[in-house]
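Residues per chain are reported as follows:
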Amino acid sequence: MGNTSSINFVLLNQIINRYFPIPLMFFGIIGNILNILIFTRPVFRDNVCANYFLVSTVFDGIIMFAGLLSRTLNGFGIDPSQTIPALCKLRFFTTYSSGTAASWFISLACVERYLASSTSTDRRQLLTMKRAYMSMIFVILICFIVYAQQFYCIDINQQILGAPQPCYQLKKNISCQIVDSLFQFLFEILTPICMMTIFSCLTLRNVRNQRRRINITQPGNISIPGIMTANLNQSIPLHHPTNIPTQQNRHLVLTEIKRRAQKRDIQLVKMLLVQVSVFVISAFPISIYKLYAVATIYQTKSIVRQSIENTIYNLSLISLVLNNSITFYLYTLCGVIFRKELVKLFRLAT
């Protein structure tokens, strides 16, 4: 305990708030701008999943300014939201609601991928842009309603009561602390993680089933049921008198179709696993902290213990925002089509 008490936690938290957000904000802003430019290109314009990614990117950008920029200014002691009540409340409301909306849109993208990979025509017919827009509006309204309590439960001058910063939950109001912590845990972290995990697993199951179902449905036709691409939706006729290939050519066509299907499936698997995994890992620290904060809310804590918890809180927030800063780089690494559109974008710019 003697070694712990000798740590200058004020300086440590100042360093965390001052320098850790800068690289995340720099790469995050650049990445989110490129995401918006790519997802608004014609190839993605009418794609439901891409539109979920686009709207999620917009809210990621909001977090860069409302969350990371404010935290950086706080590290240098010039953050107005720490001294002005209205800005304090607005900052928390904007950051929490934007983070929740961004995670929910990724969750809806996972649902869309599950439906798109289904062999059921009825499920695939659920994928319309009108329904996508309605779900976006619904998510945004829910986020506004859920976090409206922060205009009451968040205020300045809380650091004197043991809060990590002056602009924080009302430390004298236990109900506010419980509600605010549980709402963020349930709506921004737990529910989206459950949706991402469940529908990612279902999508992977659909993909595996599709790969097993690749076959010749009729002696004269080649088709792949359940594979949804423009070039493979229709069967390839081989029986027409003017288009009778040899047995070798027929085998080559089937082999090429299988190769393209496998390549697309692998790309989908990578994007699902990487995207969901990064969100789960980045959200894990703040999840544990929120549960711990609620579980120990009635305990009397020493100054040293409060300082340690505040430091963990600041690091956990940085970890959570990491997911919002690197989506562009994840898409670039895992998405072949995304990389191709990025190259085209750079060519147009030059």
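In this text the structure is predicted, and so the values were computed from the model without any measurement. (Residues numbered from 1 in each chain as written. Predicted model: local features only at pLDDT ≥ 70, side-chain atom pairs only at ≥ 80, totals over all residues. Heavy atoms only, no water.)

1. A word on the overall build of the protein
What counts here: Helix and strand definitions here come from DSSP, where helices need a minimum of 4 consecutive H or I residues and strands a minimum of 2 consecutive E residues; each element is numbered from the N-terminal end. The buried label goes to any residue with under 20% of its type's maximum accessible area, the exposed label to any with over 50%, and the partly exposed label to all in between, with areas taken from a 1.4 Å probe on protein chains only. Any two residues having at least one pair of non-hydrogen atoms within 4.5 Å are treated as being in contact.
Counting its regular elements, the protein contains 14 helices and 5 strands. Counting all 350 residues of the protein, 48% fall into the buried class. Here the analysis covers contacts within the protein between residues at least 6 apart in sequence; of these, 75% occur between residues at least 24 apart.

2. Quick word on the UniProt feature "transmembrane region" (unreviewed entry) in the protein
We count it as follows: UniProt positions are given in the numbering used here, feature names are shortened, and annotations may be inferred rather than shown by experiment.
Feature annotation in UniProt places "transmembrane region" (unreviewed entry) on residues 20-40, 52-70, 90-111, 132-152, 182-204, 268-292 and 312-338, given in this structure's numbering. Helix and strand shares over residues 52-70 are 100% and 0% respectively, and the end C-alpha atoms of the span are 27 Å apart. Annotated as 93% helix and 0% strand, the span residues 312-338 places its first and last C-alpha atoms 36 Å apart.

3. Re the pattern of salt bridges
Cut-off, in case you're wondering: The term salt bridge refers to a pairing of a side-chain nitrogen on Lys or Arg with a carboxyl oxygen on Asp or Glu at a separation within 4 Å.
In total, this model carries 4 salt bridges according to the counting rule given. Between Glu309 and Lys301 there is a salt bridge whose closest N-O contact spans 3.0 Å. For the residue pair Glu309 and Lys301, the accessibility class agrees, reading buried in each case. Of the charged contacts in the structure, one is a salt bridge between Arg305 and Glu309, with a shortest N-O distance of 3.2 Å. You can see Arg305 and its partner Glu309 sitting in helix α12 (residues 303-325), 4 residues apart, about one turn around the helix. The exposure class of Arg305 is partly exposed, given its relative accessible area of 28%.

4. Comments concerning the nonpolar core
Basically, it comes down to this: Residues belong to a common nonpolar core when they are buried Ala, Val, Leu, Ile, Met, Phe, Trp, Tyr or Cys residues joined through side-chain atoms within 4.5 Å.
With 57 residues, the main nonpolar core has Phe39, Tyr52, Phe105 and Tyr313 as its most contacted residues. The leading source of residues in this core is helix α6 (residues 85-116), at 14 residues. The residues contacting Phe105, other than those within four sequence positions of it, are Tyr52, Val55, Ser56, Phe59, Met136, Val139 and Ile140.

5. Quick look at unusual backbone geometry
Located in the positive-phi region is Asn157, a residue other than glycine, with phi close to 60°. Counting through the fold element by element, Asn157 comes out in the loop between β1 (154-155) and β2 (168-169). Given a relative accessible area of 52%, Asn157 falls into the exposed group.

6. A look at the environment of Val294
Residue placement: Val294 occurs in helix α11 (residues 247-295). The class for Val294 is partly exposed, based on a relative accessible area of 21%. The spatial distance from the C-alpha of Val294 to the C-alpha of Val179 is 9.2 Å, given a sequence separation of 115 residues.

7. Concerning the state of the cysteines
Under the convention used in this document: Note on disulfides: each one is a pair of cysteine sulfur atoms within 2.5 Å.
For the structure on display, the rule yields 2 disulfides. Residue Cys88 pairs covalently with Cys167 via a disulfide, S to S 2.0 Å. Residues Cys88 and Cys167 are joined by a disulfide whose S-S torsion is about 95°; by sign, that bridge is right-handed. Within this pair, whereas Cys88 is found in helix α6, its partner Cys167 is found in the loop between β1 and β2, the two being separated by 79 residues in sequence. Like Cys167, Cys88 is buried. Each sulfur of the disulfide joining Cys153 and Cys176 lies 2.1 Å from the other.

8. Looking at the side chain of Ser103
The condition that has to hold: By the criterion applied in these results, polar contacts are pairs of N or O atoms within 3.5 Å in which, for protein atoms, one can donate a hydrogen and the other can accept it, and in which residues neighboring in sequence qualify only through two side-chain atoms.
Looking at the element boundaries, Ser103 is found in helix α6. In terms of polar contacts, Ser103 uses its side chain to reach the backbone carbonyl oxygen of Thr100, at 2.8 Å. If we skip the residues at most four places from it in the chain, Ser103 touches Glu188, Pro192, Met196 and Phe279.

9. A short note on the packing of aromatic side chains
Where we set the bar: Stacked, tilted and edge-to-face are the three classes applied to pairs of Phe, Tyr and Trp rings, where Trp contributes its six-membered ring and a pair requires centres within 6.5 Å; stacked means planes under 30 degrees apart, edge-to-face means over 60, and tilted covers the rest.
All told, the structure shown has 21 aromatic pairs when counted by the stated rule. Between Phe26 and Phe27, the aromatic rings sit 5.1 Å apart at their centres with planes inclined by 80°, giving edge-to-face as the arrangement. The exposure class of Phe26 is partly exposed, given its relative accessible area of 49%. Consider the rings of Phe328 and Tyr329, whose centres lie 5.0 Å apart with planes at 80°: the pair is edge-to-face. Among the aromatic side chains, those forming a connected cluster through ring pairs are Phe26, Phe27, Phe39, Phe44, Phe53, Phe328, Tyr329, Tyr331 and Phe338.

10. As for a nonpolar patch on the surface
Note the threshold: Each patch is built from residues lacking any salt bridge and having more than 30% relative accessible area; the joining distance is 9 Å for like charges and 5 Å for nonpolar side chains (Val, Leu, Ile, Met, Phe, Trp, Tyr). All accessibility values rest on the Shrake-Rupley procedure with a 1.4 Å probe; residue burial counts only the protein chains present in the view.
Residues Leu11, Ile15, Tyr19, Phe20, Ile22, Phe76, Ile78 and Leu315 make up a contiguous nonpolar surface patch of roughly 720 Å² in combined accessible area. Ranked by residue count, the leading element in the nonpolar patch is helix α2 (residues 9-19), at 3 residues.

11. Here's the deal with the packing of α6 against helix α8 (residues 129-146)
Let me state the cut-off plainly: Every angle, taken between N-to-C directions, lies between 0 and 180 degrees, and every axis is a line fitted to C-alpha atoms, over only the stretch in contact when it is a helix. Crossing handedness: left-handed means the near helix sits turned counterclockwise from the far one by under a right angle, and right-handed means the same turn made clockwise. Note on residue classes: Ala, Val, Leu, Ile, Met, Phe, Trp, Tyr, Cys and Pro are nonpolar, Asp, Glu, Lys and Arg are charged, and everything else, Gly too, is polar.
In contact at an axis separation of 9 Å, α6 and α8 are set at 145° when each is read in the N-to-C sense. Crossing geometry of α6 relative to α8 is assigned as right-handed. In this structure, α6 uses Phe93, Ser97, Thr100, Ala101, Trp104, Phe105 and Leu108 to contact α8, whose residues at the interface are Ser135, Met136, Val139, Ile140, Cys143 and Phe144. Partitioned by chemical class, the residues of the contact of α6 with α8 number 10 nonpolar, 3 polar and no charged.

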